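Architecture at a glance
One-letter residues, chain by chain:
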Amino acid sequence: MGIYKQERLALFIDGANLYSAARALGFDIDYKKLLSVFREKGQMIRAFYYTALFEDQEYSPIRPLVDWLDYNGYTMVTKPAKEFTDAQGRRKIKGNMDMELAIDVLEMAQHLDHVVLFSGDGDFRRLVEAIQRKGVRVTVVSTIKSSPPMIADELRRQADNFIELSAIAKDIARNFHGAGATPKNGKQVGDPEFDDFPDDSFYEEEDDEAHVEHL
């Protein structure tokens, strides 16, 4: 992965972006496995997870995942999602977390040797360049195996290292069935490893009701 054992590292996970990339490859993320994999690679300082919440709803499908991550090694960064109607009368939801993620990366940079960014958003290219000037190495995790690719070319070129998500799928997937497979969301019946672990299928549930924008 290009991460040295003595490096202080932190993960910065754009939740919606990572979900979209994993879904395009046909698997669900097991966040316990993901954290374990990167803890073995270096000296983990922090793992941040960013997502918007629907706080005005009686029940938000994201809440079980947010609570689980909060109790199991992740630092949660959330804000209310904003709902609006576009010119065509379609209900849309805006839940952009780019600013929060960028501020945290810049503030944490002095304590880190290596930033692992889980996003393919080209808007982060300037952020990556800025923390590289501080002497911090940057790895970006996304995929070029989907159609279209989930990572912007300018972000991939700016990063010190690129990890293809499909290459580590077998190590971080909940129900890994191999390349091109489409595992079902939710629990795998009879497997206790997954019985109490919430998945990230809430993004798909929200997509059924509205187009979710991350602008």
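Residues numbered from 1 in each chain as written. Predicted model: local features only at pLDDT ≥ 70, side-chain atom pairs only at ≥ 80, totals over all residues. Heavy atoms only, no water.

Residues Asn 161 and Ile 163 line one face of strand β8 (residues 161-164) and the alternating positions Phe 162 and Glu 164 line the opposite face, and both faces are buried. Direction of pairing for strand β7 (residues 137-142) relative to β8: parallel, over a ladder of four bridges. Directly across from Val 141, in β8, lies its bridge partner Ile 163. In this fold, β7 hands off to helix α6 (residues 153-158), which returns the chain to β8; that crossover is right-handed. (Buried < 20%, exposed > 50% of the residue type's maximum accessible area, 1.4 Å probe, protein only. Helix = DSSP H or I, 4+ residues; strand = E, 2+ residues; numbered from the N terminus. Pairing = 2+ DSSP bridges. Right-handed = clockwise from strand over helix to strand, strands pointing away.)

Applying the stated rule across the entire model yields five aromatic pairs. Aromatic pair Tyr 31 and Tyr 74: ring centres 6.1 Å apart, planes at 85°, arrangement edge-to-face. Taken together, the positions of Tyr 31 in helix α2 (residues 31-39) and Tyr 74 in the loop between α3 (63-71) and β3 (75-80) put the pair 43 residues apart, joining distant regions of the chain. Like Tyr 31, the residue Tyr 74 is buried in the burial classification. Each ring, one from Phe 48 and one from Tyr 50, has its centre 6.2 Å from the other, and the planes form 25°; the classification is stacked. (Phe/Tyr/Trp six-rings, centres within 6.5 Å; stacked < 30°, edge-to-face > 60°.)

All right, on to the pattern of salt bridges then. Under the criterion given, the structure shown has eight salt bridges. With a closest N to O distance of 4.0 Å, Arg 133 and Glu 129 form a salt bridge. Here Arg 157 makes a salt bridge to Asp 153, at a shortest N to O gap of 2.7 Å. With Arg 157 and Asp 153 both in helix α6, this residue pair falls four residues apart, about one helical turn. Using a relative accessible area of 45% as the deciding quantity, one classes Asp 153 as partly exposed. Taken together, the shared-partner salt bridges connect Arg 125, Arg 126, Glu 129 and Arg 133 into one network. (Salt bridge = Lys/Arg side-chain N within 4 Å of Asp/Glu carboxyl O.)

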